[in-house]
Amino acid sequence: MEKLSGGGTASGPLSFMKGFDAFAGVIKSGGKTRRAAKMVILNIDHPDIVEFIDCKAKEKPRPGRSCRPAMTARRPIQKPTRPIFFQNANNSSASATNS
């Protein structure tokens, strides 16, 4: 969330991670759509490290908030009201050492 010289703020790594997570969710392998796991590493001294660490916990499905009931002839079905991001990512942080 750094300030830009032309005004506004930088979007930061989490906005890009959402896009890459969507790409990983639709990988085709052998004719079938599969969820690919991707590794995301952010240096521990990055300004957005706290948001990076908390991003998966904030996106976990919350009963009653992330789904709304829809009725069919037999039983209610839960339909997502918004996508759940970061479910295809394995997040890690690394120290920024000069070796």
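Scope of this entry: the structure provided in the associated data block. (Residues numbered from 1 in each chain as written. Predicted model: local features only at pLDDT ≥ 70, side-chain atom pairs only at ≥ 80, totals over all residues. Heavy atoms only, no water.)

## A short note on the nonpolar core
Phase 1 of the analysis: Judged by nonpolar contacts, Leu14, Met17, Val40, Leu42, Ile49, Phe52, Cys55, Phe86 and Ala89 together constitute the single largest core of 9 residues.
Phase 2 of the analysis: Of all the elements in the fold, those that place two or more residues in this core are helix H1 (13-24), strand S3 (38-43) and helix H2 (49-59).
Phase 3 of the analysis: The dominant element in this core, judged by the number of residues it contributes, is H2, at 3 residues.
Phase 4 of the analysis: With residues up to four places along the chain from it excluded, the contact list for Met17 reads Lys38, Val40, Phe52, Cys55, Phe86 and Asn91. (Core = buried A, V, L, I, M, F, W, Y, C linked by side-chain atoms within 4.5 Å. Buried < 20%, exposed > 50% of the residue type's maximum accessible area, 1.4 Å probe, protein only. Helix = DSSP H or I, 4+ residues; strand = E, 2+ residues; numbered from the N terminus. Contact = heavy atoms within 4.5 Å.)

## Details of the pattern of salt bridges
Phase 1 of the analysis: Counted according to the given criterion, the structure contains 1 salt bridge.
Phase 2 of the analysis: Of the charged contacts, one joins Asp21 and Lys38 as a salt bridge, the two residues approaching to 3.9 Å between their closest N and O atoms. Here Lys38 lies in strand S3 and Asp21 lies in helix H1, a separation of 17 residues in the sequence. (Salt bridge = Lys/Arg side-chain N within 4 Å of Asp/Glu carboxyl O.)

## Some thoughts on H1
Phase 1 of the analysis: For H1, which comprises 12 residues, the first-to-last C-alpha distance of 16 Å matches the rise-based estimate of 16 Å (1.5 Å per residue) to within 8%.
Phase 2 of the analysis: Those residues of H1 that fall on the buried side of the exposure criterion are Leu14, Met17, Asp21 and Ala24. End-on view of H1: buried residues confined to an arc of 65°, all on one side of the axis. Pointing more than 90 degrees away from the buried face of H1 are the exposed residues Phe16 and Phe23. (Expected span 1.5 Å × (residues − 1). Arc of directions from axis to C-beta.)

## A word on the pairing of S3
Phase 1 of the analysis: Burial along S3 is one-sided: the residues Lys38, Val40 and Leu42 are buried and none of Met39, Ile41 and Asn43 is.
Phase 2 of the analysis: Two strands pair when backbone bridges link them, and S3 and strand S6 (residues 89-94) are joined in this way by 6 bridges, in the parallel orientation. When the sheet's bridge partners are listed, Leu42 is paired in S6 with Ser93. (Pairing = 2+ DSSP bridges.)

## Concerning a nonpolar patch on the surface
Phase 1 of the analysis: There is a patch of nonpolar side chains on the surface, built from Phe16, Phe20 and Phe23 and spanning about 370 Å² of accessible area.
Phase 2 of the analysis: Following the sequence through the fold, Phe23 ends up in helix H1.
Phase 3 of the analysis: Looking at Phe23, the relative accessible area reads 54%, which means it is exposed. (Patch = residues over 30% accessible without salt bridge, like charges linked within 9 Å, V, L, I, M, F, W, Y side chains within 5 Å. Areas by Shrake-Rupley, 256 points an atom, 1.4 Å probe, with all protein chains shown as cover.)

## A closer look at unusual backbone geometry
Trans is the prevailing form of peptide bonds, just as negative phi is the prevailing case for residues other than glycine.
Phase 1 of the analysis: One non-glycine residue, Phe86, adopts positive backbone phi at about 70°.
Phase 2 of the analysis: With respect to the helices, strands and loops of the structure, Phe86 is situated in the loop between strand S5 (76-80) and S6.
Phase 3 of the analysis: Using a relative accessible area of 4% as the deciding quantity, one classes Phe86 as buried.

## Let's talk about the environment of Ala94
Phase 1 of the analysis: In this fold, Ala94 is placed in strand S6.
Phase 2 of the analysis: For the pair Ala94 and His46, spaced 48 residues apart in sequence, the C-alpha separation works out to 9.9 Å.
Phase 3 of the analysis: Among all residues touching Ala94, those that are not within four sequence positions of it are Ile41, Leu42, Asn43 and Ile44.

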